[in-house]
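Spelled out, the chains give:
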Amino acid sequence: MNRIITSALLCVAATAGILGCTAPTKNFQTTANAANAIQNRAEPVVTRAAIAQGIYELVYSDKQGVLFVASAGSFKDESVPYQILVVNPADLAVIDKIELPLRAFSLALDDAGDRLYVGNTGSGAVTVIDTRTRQIQQTWQLVNVSKGKDGRDRPEYHFRQLLLDTDNHRLYMAGFDNKESKLFVIDTQTGRIEKIIPGFGYTATGIALDAKHKRLYVSNMEGEAVVVDTASNEIVKRFDLGVEQPLNLAYDGVNHRLLAVDQGHPKMTAFQKKDMPGYESHHPGSRVVAIDLATGKTVAELEAGGPVNLKIDPARERLFVANRASGELTIFDSKGYRKLHTISLPAHPNTPALNSKTGELFVTVKNGEDAPEGSPESIARIR
């Protein structure tokens, strides 16, 4: 896989400045009632703190009341550690660090089982961490890895996103490729590959689970959703999403809808034209679509600013969209899709995580290209 493609899909804009960054509020204690009141405020309150270089995904632990944040270090300075940062959500202070042997990008949390799965995307591996002891349990090397001319790892497949099915003790990972992607099914009890499912097309990207109906949805850069029956782990259907760059997906269990971002990145469009003979772009992207899975029809198309990720808060009927290009977080009503707020988070909002008890949202924010070398990237809290 061409490294430029990999970087584009991971949204690796390696070095950029943190604009409008505010110091974290100290000793803030939140309650469910106070947090629920957030949803009705005229303007949400944003707190932000710079914490480390190369941060990507984050997850919130309801059980421990902390954030786990993936930090891949620096691509230019190998002395910067690869680590998981444990962050206090009250003041966004780093309270612990778990050093890793491989770069950390994607995360999946089994909160009840006290396990954190860390996707070592650039090395074709997954690191398993005990969240109680905050110690590495094991590392699963899942694909062959060669060395590039620059000395860096070149895995056979890249796993840009992890999805955990706790009911069936499985970890799903789309191994993307610019010819034919595959879905890797890992037994989390043994750490072994249970199955590798072919047929996911050009550059598999997003992944979402409908546990109730035993359906897994995987998007690709051909604009498809490939549907897997999680009882048999077989592809049972594929359909057109109506978008061209579905970087990430979300499943809305309340309304039985699949939501997909359409990033509209010009570099990715160039790769699509190069790698897919006859490809023509018919839409500039910068939108989110919602598809009714009962009818297969698109029920909404939401304007966005180069979206890369999204998160649904079903209890409060909120949809959060991280817009990399515009440097904003957009909040919609997840039932009728009315736009409620647009929050400036320059440079590049990346991954949202939700405190389901309080409704607070946390977002990693990548630096822009004009940031001084070695500048830390940040987390924002929206309440």
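As the structure is a computational prediction, the values presented were derived from the model and not from experiment.

Comments concerning helix α3 (residues 266-275)
Move 1: For α3, the full list of buried residues reads Met 268, Thr 269, Phe 271 and Gln 272. Down the axis of α3, the smallest arc covering the buried residues is 160°, so these residues share one side. Away from its buried face, by an angle of more than 90 degrees, α3 presents the exposed residues Pro 266, Lys 267, Lys 273 and Lys 274.

Thoughts on the pairing of strand β15 (residues 192-198)
Move 1: Two elements, strand β14 (residues 182-187) and β15, share six bridges in a ladder whose sense is antiparallel. Bridge assignment links Phe 184 to a residue of β15, and that residue is Ile 196.
Move 2: Joining the antiparallel neighbours β14 and β15 is a turn of four residues, in which Gly 191 adopts a positive phi near 75°.

Let's talk about the sheet that holds strand β23 (residues 297-303)
Within a beta sheet, neighbouring strands are joined by backbone hydrogen bonds and run either parallel or antiparallel to one another.
Move 1: The antiparallel open sheet is built from four strands, whose spatial order is β20-β21-β22-β23. Lying at the two open borders of the sheet, with one neighbouring strand each, are β20 (249-252) and β23. Across the sheet, the axes of successive neighbouring strands diverge by a mean angle of 20°, strand direction being ignored.
Move 2: Where strand β21 (residues 257-262) meets strand β22 (residues 287-292), six bridges bridge the pair, whose relative direction is antiparallel.

Examining the side chain of Thr 351
Move 1: By secondary structure assignment, the location of Thr 351 is in strand β28 (residues 348-354).
Move 2: A relative accessible area of 7% means that Thr 351 is categorised as buried.
Move 3: When near neighbours in sequence (up to four residues on either side) are disregarded, Thr 351 contacts Tyr 56, Glu 57, Leu 58, Asn 309, Phe 362, Val 363 and Thr 364.

Considering the nonpolar core
For soluble globular proteins, nonpolar side chains are generally found buried alongside one another.
Move 1: In this structure, Leu 259, Val 288, Leu 302, Leu 310, Leu 319, Val 321 and Tyr 337 are the most contacted members of the largest nonpolar core, which totals 23 residues.
Move 2: Counting only elements with at least two residues in this core, the list comes to β21, α3, β22, β23, β24 (307-313) and β25 (318-323).
Move 3: Ignoring anything within four residues of it in the chain, the contact list for Val 321 reads Val 288, Ala 304, Pro 307, Asn 309, Leu 310, Glu 328, Leu 329, Thr 330 and Phe 332.

The rules behind each value
- Residues numbered from 1 in each chain as written.
- Predicted model: local features only at pLDDT ≥ 70, side-chain atom pairs only at ≥ 80, totals over all residues.
- Heavy atoms only, no water.
- Buried < 20%, exposed > 50% of the residue type's maximum accessible area, 1.4 Å probe, protein only.
- Helix = DSSP H or I, 4+ residues; strand = E, 2+ residues; numbered from the N terminus.
- Arc of directions from axis to C-beta.
- Pairing = 2+ DSSP bridges.
- Axes fitted to C-alpha atoms, helices over the stretch in contact; angles between N-to-C directions.
- Contact = heavy atoms within 4.5 Å.
- Core = buried A, V, L, I, M, F, W, Y, C linked by side-chain atoms within 4.5 Å.

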